[in-house]
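Examination of the molecular architecture
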Amino acid sequence: MMWSLPLLRHTDVPPRVTENFILSGYRFPDYSLLQCLVSAFRPTNETGNFWTHFLPIFLFAFHFLEIFKWEGAPNPGDPFFYPAWTYFIGVFYLLLASSMAHLLNSMSLIIREICFFVDYGTISAYTVGSSLAYYYYIHPQAGIPKIGVGAQNASGTQSERGEEPSSPPPSCTTSSFYSSLLIFRPFFESLYIPCSCMIAIVCVITCCNTRQRWRKYRYIVRTLVFLLPFFISSTPVFYRLLSPSPYPPNSPPPSPYPSSTMAAFFYRHCFWLVVSAVFNISKIPERLSPGKFDIWGHSHQWFHCCTFLSILDELHMIKVEIRALLLHPSLVLAPTTPTQLPGPTLCSTYGVMMLLQGCIASIIVWFGWCAYHIYAPEQKRLKVH
């Protein structure tokens, strides 16, 4: 029965369900939960969208869990890894919500709207999870060495004894570097995470609004609106790229990757984001041949693949910095610039994510309530027919 449910053309489903240049493969918006789940294993125009974000969950988890096997790494529950876990949660929810939104959106018009509201919310939560990882592992004054990572944390031990770490006299270059730290410190210490959270909330509201307004330009608006959290969350990375290297000359690489590859991973991360934006806005290849890519190979599937590749390179970049902190914490935090910030805590990591999720949930409830009043009458008419 479930396998025999007919797939429909764009003329046979409500206009709300159709996608540009996708002419067939639609499921009727009145499926049961079981029918939706089974549809993951039959070719529809959403099958590829589901699998291109569901399978990457396992690939991401495989690469992420590698950090706990490194020599000198604390146990997974150590405060050192709180930011890494919040980042993992953000990515996990993003991939899971996206895949489930594409799988379950044919249950009703109302559920379809709510599915994608949740999808937008998890994208914003992911950007804040990235910000927390950047803040504690890439931020030049993050304070990770202050909490102590095993016996390797020489700088933390010295500060506890009240000893000043010995270091060579700073050159003009390093002096200007430390001066620039003082300029950016107020933003990093007080505004970086709040700004990331506020912009994430703005992005959710804007993207949810595109379900009702700006429909003609919805893909452009959704793509452009997420450029802002990218630039805000990437501030520590930009800072590191524009600053002198924290590693002394001729020092051995502090990770399995060369020390310069943090930049390489970040540039690749940006490249895949640009490519994914091009697919999302241009609707290529289905724009060039409507109907030919209805099931496999349409732009949203390529968009999913490119966004995951960008996340994977971002993970590698964060792992480079985590590895550096574990092996040589005194090299990452300049010994002449004592840490001013506390290390990660439950409140500053999980607490921030939970507060953000509460705000996002309230936004989704509001837009879901509005969607109910808009689409409930139309959904009743569909059931009658």
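Concerning the pattern of salt bridges
As enumerated under the stated definition, the model contains five salt bridges in all. Between Glu19 and Arg112 there is a salt bridge; the shortest N-O distance is 3.4 Å. On the criterion of sequence distance, the pair formed by Glu19 in the segment before helix 1 (33-38) and Arg112 in helix 4 (residues 109-137) is long-range, its members being 93 residues apart. Since its relative accessible area comes to 31%, Glu19 is described here as partly exposed. On the basis of relative accessibility, which here comes to 3%, the residue Arg112 falls in the buried class.

Remarks on the packing of helix 4 against helix 12 (residues 299-327)
Closest axis-to-axis distance for the helix 4/helix 12 pair is 10 Å, and the angle between their directions is 25°. Judged by the angle between their axes, helix 4 and helix 12 are roughly parallel. Every pair of crossing elements has a handedness; the one defined by helix 4 and helix 12 is left-handed. Contact with helix 4, carried on its side by Tyr126, Ser130, Ala133, Tyr134, Tyr136 and Tyr137, involves Ile311, Glu314, Met317, Ile318, Glu321, Ile322 and Leu325 of helix 12 and no other residues of that element. A per-class count over the contact of helix 4 with helix 12 returns ten nonpolar, one polar and two charged.

Topic: the packing of helix 11 (residues 261-282) against helix 12
Relative orientation of the contacting elements helix 11 and helix 12 amounts to 165°, with a least axis distance of 8 Å. Overall, the two elements helix 11 and helix 12 adopt an arrangement that is roughly antiparallel. For the pair helix 11 and helix 12, the crossing hand works out as left-handed. A breakdown of the residues in the contact of helix 11 with helix 12 according to their chemical character gives 14 nonpolar, nine polar and four charged.

Section: unusual backbone geometry
Following Ile284, the chain continues to Pro285 via a peptide bond in cis, the omega torsion being 20°. Counting through the fold element by element, Pro285 comes out in the loop between helix 11 and helix 12. Despite not being glycine, Phe21 has its phi angle at roughly 70°, a positive value. Positionally, Phe21 belongs in the segment before helix 1. Residue classification places Phe21 among the partly exposed residues on the basis of a relative accessible area of 27%. Phi is positive for Lys283, which is not a glycine, with a value near 60°. Along the chain, the position of Lys283 falls in the loop between helix 11 and helix 12. Lys283 sits in the buried class, given a relative accessible area of 6%.

Observations concerning the nonpolar core
Counting 82 residues, the largest nonpolar core has Phe60, Tyr87, Tyr137 and Ile322 as its most contacted members. Of all the secondary structure elements, the ones that give two or more residues to this core are helix 2 (47-65), helix 3 (82-104), helix 4, helix 7 (172-209), helix 11, helix 12 and helix 14 (347-384). For Tyr87, the contacting residues outside a window of four places in its chain are Phe60, Tyr126, Gly129, Ser130, Ala133, Ile311, Glu314, Leu315 and Ile318.

Considerations on the packing of aromatic side chains
Considering all chains together, one arrives at 32 aromatic pairs under this definition. Here Phe230 and Phe266 contribute two aromatic rings whose centre-to-centre distance is 6.3 Å and whose plane-to-plane angle is 5°, an arrangement assigned as stacked. Here Phe230, found in helix 9 (residues 227-233), pairs with Phe266, found in helix 11; they are 36 residues apart in sequence, far enough to count as distant. Across the pair, Phe266 and Phe230 agree in class, each one buried. Counting every residue linked through ring pairs, the aromatic cluster contains Phe60, Phe64, Phe68, Phe80, Phe81, Trp85, Tyr87, Phe88, Phe92, Tyr93, Tyr126 and Tyr137. Lying across the ring of Tyr31, Arg27 places its NZ or CZ 6.0 Å from the centre.

Focus on the state of the cysteines
All chains considered together, the criterion is met by zero disulfides. Cys115 carries a free sulfur, and the closest cysteine sulfur to it, the one in Cys36, is 8.2 Å from it. Residue Cys359 stays outside any disulfide, its sulfur separated by 8.3 Å from that of Cys197, the closest cysteine. Accessibility expressed as a relative area gives 30% for Cys359, which makes it partly exposed.

Conventions we followed
- Residues numbered from 1 in each chain as written.
- Predicted model: local features only at pLDDT ≥ 70, side-chain atom pairs only at ≥ 80, totals over all residues.
- Heavy atoms only, no water.
- Salt bridge = Lys/Arg side-chain N within 4 Å of Asp/Glu carboxyl O.
- Helix = DSSP H or I, 4+ residues; strand = E, 2+ residues; numbered from the N terminus.
- Buried < 20%, exposed > 50% of the residue type's maximum accessible area, 1.4 Å probe, protein only.
- Axes fitted to C-alpha atoms, helices over the stretch in contact; angles between N-to-C directions.
- Parallel < 35°, antiparallel > 145°, perpendicular 65-115°, else oblique.
- Left-handed = near helix turned anticlockwise from the far one by under 90°.
- Contact = heavy atoms within 4.5 Å.
- Nonpolar A, V, L, I, M, F, W, Y, C, P; charged D, E, K, R; others polar.
- Core = buried A, V, L, I, M, F, W, Y, C linked by side-chain atoms within 4.5 Å.
- Phe/Tyr/Trp six-rings, centres within 6.5 Å; stacked < 30°, edge-to-face > 60°.
- Lys NZ or Arg CZ within 6 Å of the ring centre and 35° of its normal.
- Disulfide = S-S within 2.5 Å.

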